[in-house]
Amino acid sequence: MIDKIRIEKKTKLIADWQTLMRTFVNHKDDASRSTLVKYMEQIFFGLHDFLKKHVGITEEVSLKDLSRNFTNTLISKNPEKKLADVIADLVENIAPHAVNVTSPYFVGHMTSAIPFFMVHLKTIVAALNQNVVKIETSKVVSILEKQVIAKIHRLIYEKDEAFYEKHVQNIQTTLGCFIEDGTLANLTAFWVARNSMLAPKNGFAGIEQEGLQAAYKAYQIEKCVILVSKLGHYCVKKAGGLLGIGNQNIMTINVDANNRMDIDCLKKAIKDIKNSSVNTKIIAIIGIAGTTETGTVDPLPEIGEICAENRIHFHVDAAWGGPTLMSEKYRHLLKGIKLADSVTIDGHKQFYMPMGCGIVVFKDPSIMDVVAYHANYVNRPGSVDLGIKSLAGSREASSIILDGALKIMGSRGYALLIEHGIDTCLRFAEEIEKRPDFQLITRPELNILTYRICPFHIQRRLAEGNPEQICDINKKLNKINRAVQRLQREAGKSFVSRTKLKINQHGKDIVVFRCVIMNPMTNIKILGEILDEQEEIFRGIEGLRIEEFRN
Ligand SMILES: Cc1ncc(COP(=O)(O)O)c(C=O)c1O
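Each value, and the rule that gives it
- Residues numbered from 1 in each chain as written.
- Predicted model: local features only at pLDDT ≥ 70, side-chain atom pairs only at ≥ 80, totals over all residues.
- Heavy atoms only, no water.
- Phe/Tyr/Trp six-rings, centres within 6.5 Å; stacked < 30°, edge-to-face > 60°.
- Helix = DSSP H or I, 4+ residues; strand = E, 2+ residues; numbered from the N terminus.
- Buried < 20%, exposed > 50% of the residue type's maximum accessible area, 1.4 Å probe, protein only.
- Lys NZ or Arg CZ within 6 Å of the ring centre and 35° of its normal.
- Core = buried A, V, L, I, M, F, W, Y, C linked by side-chain atoms within 4.5 Å.
- Domains from an automatic or database assignment.
- Contact = heavy atoms within 4.5 Å.
- Salt bridge = Lys/Arg side-chain N within 4 Å of Asp/Glu carboxyl O.
- Near = heavy atom within 4 Å.
- Polar contact = N/O pair within 3.5 Å; in protein donor to acceptor, adjacent residues only side chain to side chain.
- Areas by Shrake-Rupley, 256 points an atom, 1.4 Å probe, with all protein chains shown as cover.
- Nonpolar A, V, L, I, M, F, W, Y, C, P; charged D, E, K, R; others polar.
- pLDDT = per-residue confidence, 0-100.
- Pairing = 2+ DSSP bridges.
- Axes fitted to C-alpha atoms, helices over the stretch in contact; angles between N-to-C directions.

Some details on the packing of aromatic side chains
Here comes step 1: Here the structure, examined in full by the defined rule, presents eight aromatic pairs.
Here comes step 2: With centroids separated by 6.0 Å and ring planes inclined at 85°, the aromatic side chains of Phe204 and Tyr219 adopt a geometry described as edge-to-face. Here Phe204, found in the loop between helix H9 (182-197) and helix H10 (207-218), pairs with Tyr219, found in the loop between H10 and strand E2 (223-229); they are 15 residues apart in sequence, far enough to count as distant.
Here comes step 3: When the ring of Phe428 is compared with that of Tyr451, the centres are 5.7 Å apart and the planes differ by 85°; the resulting orientation is edge-to-face. Of this pair, Phe428 sits in helix H14 (residues 398-434) while Tyr451 is found in strand E9 (residues 448-453), placing the two residues 23 residues apart along the sequence. Residue Phe428 shares its accessibility class with Tyr451, and that shared class is buried.
Here comes step 4: In this structure an aromatic cluster arises from ring pairing among Phe428, Phe438, Tyr451 and Phe513.
Here comes step 5: The ring of Phe163 has Lys159 sitting right over it, with the charged end atom 5.7 Å from the ring centre.
Here comes step 6: A cation sits over an aromatic face here: Lys201 above Tyr219, 4.1 Å from the ring centre.

The structure is reproduced here in structure tokens:
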């Protein structure tokens, strides 16, 4: 009892000025130095030791059960915990129930293990705490950002040395910007495209100033659209809503048998728009370089040519596939990307950066002028302030991380990662095809493939069946695949994601496993084990009345 009281007394924490001051680093005080190191060690060693023991994806506790521990909504008046206890709590109680995305068995999403040095680079970003909205809170870091953006621009557009000399540190021009994620990078591109198209003219001050209704009147149009394939990321729809054109005006174009935008359908859509009785303008056409679900690349050269002919903004969403350009072996897959007026690439995807870093670059160094904003206290005309042409205001200096990573890895280092992903995915496709219980649905072009459980004798029945029988079989298969995916996820050893795709079997959606190979530690042996586990679950599931599928 006495001990308990003593402990409670010892751990009673109060917020007072003296304690508060200890939470700010005093750079003159050597004790601050060892304090910083002590807690960093606690984090790194704690997580390291935890992950050493913990090879699975997550603990087998349901979200519903977990949520019971997260219902207190009161901010406590006095401090509740010391930093050491907060860290211990995160390592012991949160980490086991978070998702171990570093596991080589985690192959379901575009998030994976990252090189260890990314954590150090992220730490320096927090420690320096630069705000790149303006030069007054970032100075050289804003200049560094302009250089990194120019490097990404050069990777894509390969302009000559003179071009980059002229623009890399030019105060008037902008080759692109960093933003939090791919969603916002795409939104920035469409914002620029919209404003360029509905620019000021004859007494009309431009859409940014006067709004959509005035713009439609000035240009005598009734509607604006953006065209993207059916496999476009859902963030394009969000952009439709935010830009005021309406998300129903994100027009989706059919894909061909290889899941790439069907060029004939695109041409027909443009023709229909031109001939429509509703006067319509196309803000942009999007080519996807690595679709989210199948990893396929749209025919960029053809889309680029069509955009040029029709004077339409061509945007390439290379959020996923962009870094493929660093691989000499596979860069040809992104042929035509140079034709784009704007390109999105995500740093937190295949640049293996920590969350979250989106990048958008523009071919024309002056095009971002149409989204320039100034304020009296900051972002004054003629300054280097990066906030002038950016959707975001205050933001962290992600460019420090990308710059460091590019220096540590070199493009050859990144190429090794990209090539491992694609090569392993191709081998995985062969493995799937060898196994009679599985059907490969979409072949990898980059490092993503889809497949499903569909025993060989069922594949034969699908090939020979009438539409009604096919529909019926697919319904049952969907149920099985959903169940297997869920049970595998719940077992917590490996994770493959799930999506629905329309394949040419009478236009109905089928449920498929989606596999994204990004982690360099994922190999064909591990992928084989993942298939073994899925087979075992399939053979063991009760209650679905699937005897006919089990042979
Ligand atoms: C092709 C593509 N574009 C855009 C996005 C959106 O990126 P973010 O999740 O970073 O906003 C994704 C995300 O998966 C994507 O795959």
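A closer look at the nonpolar core
Here comes step 1: Ranked by internal contacts, the top residues of the largest apolar core, which has 72 residues, are Leu227, Leu266, Ile285, Val343, Phe351 and Tyr414.
Here comes step 2: Here this core gets ten residues from one element, more than from any other, and that element is H14.
Here comes step 3: The residues that make up this core include at least three from each of domain 2 (131-395) and domain 3 (421-549).
Here comes step 4: The contacts of Leu266, once residues within four sequence positions are left out, are Leu227, Ile253, Met261, Ile285, Ile303 and Ile306.
Here comes step 5: Grouped together as the second largest cluster of nonpolar side chains are 36 residues, Ala429, Phe438, Ile453 and Val484 included.

Things to note about the pattern of salt bridges
It is possible for side chains of opposite charge to pair when their charged atoms get near one another.
Here comes step 1: This structure, assessed with the given rule, holds 27 salt bridges.
Here comes step 2: In this structure, Lys407 engages Asp403 in a salt bridge whose closest nitrogen and oxygen atoms are separated by 2.8 Å. Placement of both Lys407 and Asp403 in helix H14 is noted, with a separation of four residues, approximately one turn of the helix.
Here comes step 3: With a closest N to O distance of 3.3 Å, Glu535 and Arg435 form a salt bridge. Of the two residues, Glu535 sits in helix H17 (residues 524-540) while Arg435 sits in the loop between H14 and strand E8 (438-442), which places them 100 residues apart along the sequence. Per residue, the accessibility class of Glu535 equals that of Arg435, and both read buried.
Here comes step 4: Salt bridges here are not isolated pairs; linked through shared partners, they connect Glu431, Lys434, Arg435, Asp532 and Glu535.

Details of the site of the ligand
Here comes step 1: Around the ligand sit 14 residues, and of these Thr183, Thr292, Asp317, Asp346 and His348 come closest.
Here comes step 2: In the model, an oxygen atom of the ligand is placed 2.5 Å from a nitrogen or oxygen of the Thr183 side chain.
Here comes step 3: Separating an oxygen atom of the ligand from a side-chain N or O atom of Asp346 is a distance of 2.9 Å.
Here comes step 4: Coverage of the ligand by the protein amounts to 87% of the 390 Å² it exposes when considered alone.
Here comes step 5: Across the shell around the ligand, the residue classes tally to three nonpolar, seven polar and four charged.

Description of the side chain of Thr280
Here comes step 1: Take Thr280: it is sitting in strand E4 (residues 280-288).
Here comes step 2: Using a relative accessible area of 14% as the deciding quantity, one classes Thr280 as buried.
Here comes step 3: Here Val278 takes part through its backbone oxygen, which lies 2.8 Å from a polar atom of the side chain of Thr280.

Observations concerning the confidence of the model for the chain
Here comes step 1: With 97% of its residues at a pLDDT of 70 or more, the chain shows a mean pLDDT of 93.
Here comes step 2: Below pLDDT 50 for its whole length, residues 1-8 participates in zero contacts with residues either more than four positions away or in separate chains.

So, the sheet that holds strand E11 (residues 509-516)
Sheet strands line up and pair through hydrogen bonds in the backbone, either parallel or antiparallel.
Here comes step 1: One open sheet holds the four strands; their spatial order is E8-E9-E11-E10, and the pairing between them is antiparallel. In the strand order of this sheet, the two ends are held by E8 and strand E10 (497-502), each with one partner. In this sheet, neighbouring strand axes are inclined to one another by 45° on average, regardless of whether the strands run parallel or antiparallel.
Here comes step 2: Pairing analysis gives six bridges linking E10 to E11, with the strands arranged antiparallel. Within E11, the position partnered with Arg498 by the bridge is Phe513.
Here comes step 3: Strands in contact with H17 are E8, E9 and E11; relative to E9, the strand with the most contacts, it is inclined by about 25°.

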